[in-house]
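So the chains spell out like this:
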Amino acid sequence: MTEITPAAAIRAGDEYAAQLAEFSDEWTEIHRQQAVLDARKARLLARSAAYADAFADATVPAIFPPAERQALSRRSTCAALAMATRMPERTVQLATNDAERLVNDAPAVLASLEAGRISARHAQVITDQLCDVPTAGRAAFLDQVLPEAERITAAGLKNRARVLRERLHPESISARAVRSEADRRVEFEPAADGMAWVHLFTTAPIAQGILERIEAAAAESRAAGDTRTCGQLQADALAALALTGVTPDDVMSSPVLPHPIEVQEHIKPTVQITVPALSMAGVSDAPATLDGYGPIDPETAARIAVNAPSFTRILVQPETGAVLSVGRNQYRVPADLQRAVRLRDGTCRAPGCGRRARACDLDHSVAWQDGGTTDVGNLACLCRHHHRMKHLPGWDLEHRPGGVLDWTTPDGKHHRTEPDPAPF
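Bear in mind that the values here come from a model prediction, so they are computed numbers and not experimental data.

A. Main features of the overall build of the protein. The secondary structure content of the protein amounts to 17 helices and 12 strands. Per-residue burial for the protein yields a buried fraction of 34% across its 424 residues. In the protein, of all internal contacts separated by at least 6 residues, the share reaching a separation of at least 24 is 51%. Carbon and sulfur atoms form 57% of the exposed surface of the protein, whose accessible area is close to 25200 Å².

B. Broad picture of the environment of arginine 358. Mapped onto the secondary structure, arginine 358 falls in the loop between α16 (333-345) and β8 (361-364). Between the C-alpha atom of arginine 358 and that of arginine 342, which follows or precedes it by 16 residues, the distance is 6.5 Å.

C. Inspection of the side chain of serine 73 at higher detail. The residue serine 73 is located in helix α3 (residues 66-85) in this model. Those residues in contact with serine 73 that lie beyond four places of it in its chain are Ala52, Ala56, Thr59 and Val60.

D. A look at the confidence of the model for the protein. Overall, the predicted model of the protein reaches an average pLDDT of 79, with 74% of residues at or above 70. The weakest mean pLDDT in the protein belongs to strand β7 (residues 323-325) at 39; the strongest belongs to helix α5 (residues 107-114) at 96. Between residues 322-333, whose pLDDT stays under 50, and residues either more than four places distant or in other chains, the model counts 24 contacts.

E. Broad picture of the sheet that holds strand β10 (residues 396-399). Taken together, the three strands give an open sheet; going across it, the order is β10-β11-β12, and neighbouring strands pair in antiparallel fashion. Each edge of the sheet is formed by a strand with only one pairing partner; in this case those strands are β10 and β12 (414-417). Strand-to-strand twist across the sheet, computed as the mean angle between neighbouring axes with direction ignored, equals 20°. When strand β11 (residues 405-408) meets β12, the two strands line up antiparallel, connected through four bridges. Its bridge partner lying in β12, tryptophan 407 is registered against histidine 415.

F. Spotlight on helix α10 (residues 204-223). Its 20 residues place the ends of α10 28 Å apart at the C-alpha level, agreeing with the 28 Å of an ideal helix rising 1.5 Å per residue. Every buried residue belonging to α10 is among Ile214, Ala217, Ala218 and Ser221, and all of these are buried. The arc enclosing the buried residues of α10, seen along the axis, measures out at 100°, which places them on a common side. Residues of α10 that are exposed and angled more than 90 degrees away from the buried face: Ala204, Pro205 and Ala223. Residue glycine 225 follows α10 closely and has a positive phi angle near 105°.

G. Broad picture of the packing of aromatic side chains. Going through the model one piece at a time under the given rule, you end up with two aromatic pairs. Measuring from centroid to centroid gives 5.9 Å for tyrosine 51 and phenylalanine 55, while their planes differ by 5°, and the two rings are stacked. Residue classification places tyrosine 51 among the exposed positions, given a relative accessible area of 54%.

H. The pattern of salt bridges, seen in detail. Applying the stated criterion across every chain yields a total of 21 salt bridges. Between arginine 388 and glutamate 68 there is a salt bridge whose closest N-O contact spans 2.1 Å. Here glutamate 68 lies in helix α3 and arginine 388 lies in helix α17 (residues 384-389), a separation of 320 residues in the sequence. Among the salt bridges present, the one from arginine 228 reaches aspartate 236, with a minimum N-O distance of 2.8 Å. Residue class for aspartate 236 comes out buried when judged on its relative accessible area of 10%. When salt bridges with common partners are traced through the structure, they connect Asp53, Arg74 and Glu100 into a single cluster.

Cut-off values and rules
Residues numbered from 1 in each chain as written. Predicted model: local features only at pLDDT ≥ 70, side-chain atom pairs only at ≥ 80, totals over all residues. Heavy atoms only, no water. Helix = DSSP H or I, 4+ residues; strand = E, 2+ residues; numbered from the N terminus. Buried < 20%, exposed > 50% of the residue type's maximum accessible area, 1.4 Å probe, protein only. Contact = heavy atoms within 4.5 Å. Areas by Shrake-Rupley, 256 points an atom, 1.4 Å probe, with all protein chains shown as cover. pLDDT = per-residue confidence, 0-100. Pairing = 2+ DSSP bridges. Axes fitted to C-alpha atoms, helices over the stretch in contact; angles between N-to-C directions. Expected span 1.5 Å × (residues − 1). Arc of directions from axis to C-beta. Phe/Tyr/Trp six-rings, centres within 6.5 Å; stacked < 30°, edge-to-face > 60°. Salt bridge = Lys/Arg side-chain N within 4 Å of Asp/Glu carboxyl O.

Okay, here's the thing in structure tokens:
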């Protein structure tokens, strides 16, 4: 066994300390440079919004009211920026809103970001809290929150800023609660491997009450000998409550919560599932595709199909992905054509837009009045926003063979979208 002398240990420690200092300095410099770039992005987005407003009357047809012209001009600008960087358009819109607050309402925070004293996350925390602070209270809020931002983490600042905003806000919390309650909603977020998130934004008492209710139901089931984890039981309790009407009283009389497979039997959706022909025949385990989500296992697809009153089965040839059947017996001819286009496109065909095809308009790429035909080669799914934006000056759309769409944005850039390949 080699013995390390005190002198050797000191030398090794000095070498490690020197190397660690180098890492730390470089890490700090990278973050400083990133902060400078984030501030630059904020200034650019705020300028782009100002230009969109200034040129709205010149770039949007006068058939639209003034307020709508400004909104369309902004959305057109955000769409061009989003397509240029392959970002979701909504992400650019939200970033533009944040940038305007940072540049116009919190210049001292922007200066701190440009100097590298805070990160973009710190700035985001401050502008998130600032957006609902009336003008009269903003100066005091910023004077106190910025020194805190320059000395603590963004996570720590989030709670500190919320408390500070509450203390300095000139408007009563009752009035703000009524206004915020109007924003309550549910959002769906697909995840991997046949899973998904459902987010509920509601009042704090309701959220806390829901949590306590599912915790109680999970605890009762666990006490009755259920071997599922607490997390699994809470998820299953909420699913059972929403889909089957299971209540805490039900749990008291029959404490074992139903399994997700049992809960799925209560789903009565109108669904469109694309299924490989061999999977339908039971000789393959290739995944099915649930419209609006993506790949799901064949067993789940079969269980849902049994209970769906308006289920449409679409058979796909497994080697080529060619459509074998789209259920023609359920629709008149125009509906078959609509279904073929929606099946081909899957989502809105504007670059970066993920709105589901079934919620989109069927747009004639070459307008009917200009000689365009009503067929698969001239129809594409566009959400209402991109359908309208396509007709603004500077935008152009060319429909190529095979459903390929070539877009040109007002800045002269070209973008191409292609139908998604068969998912099998």
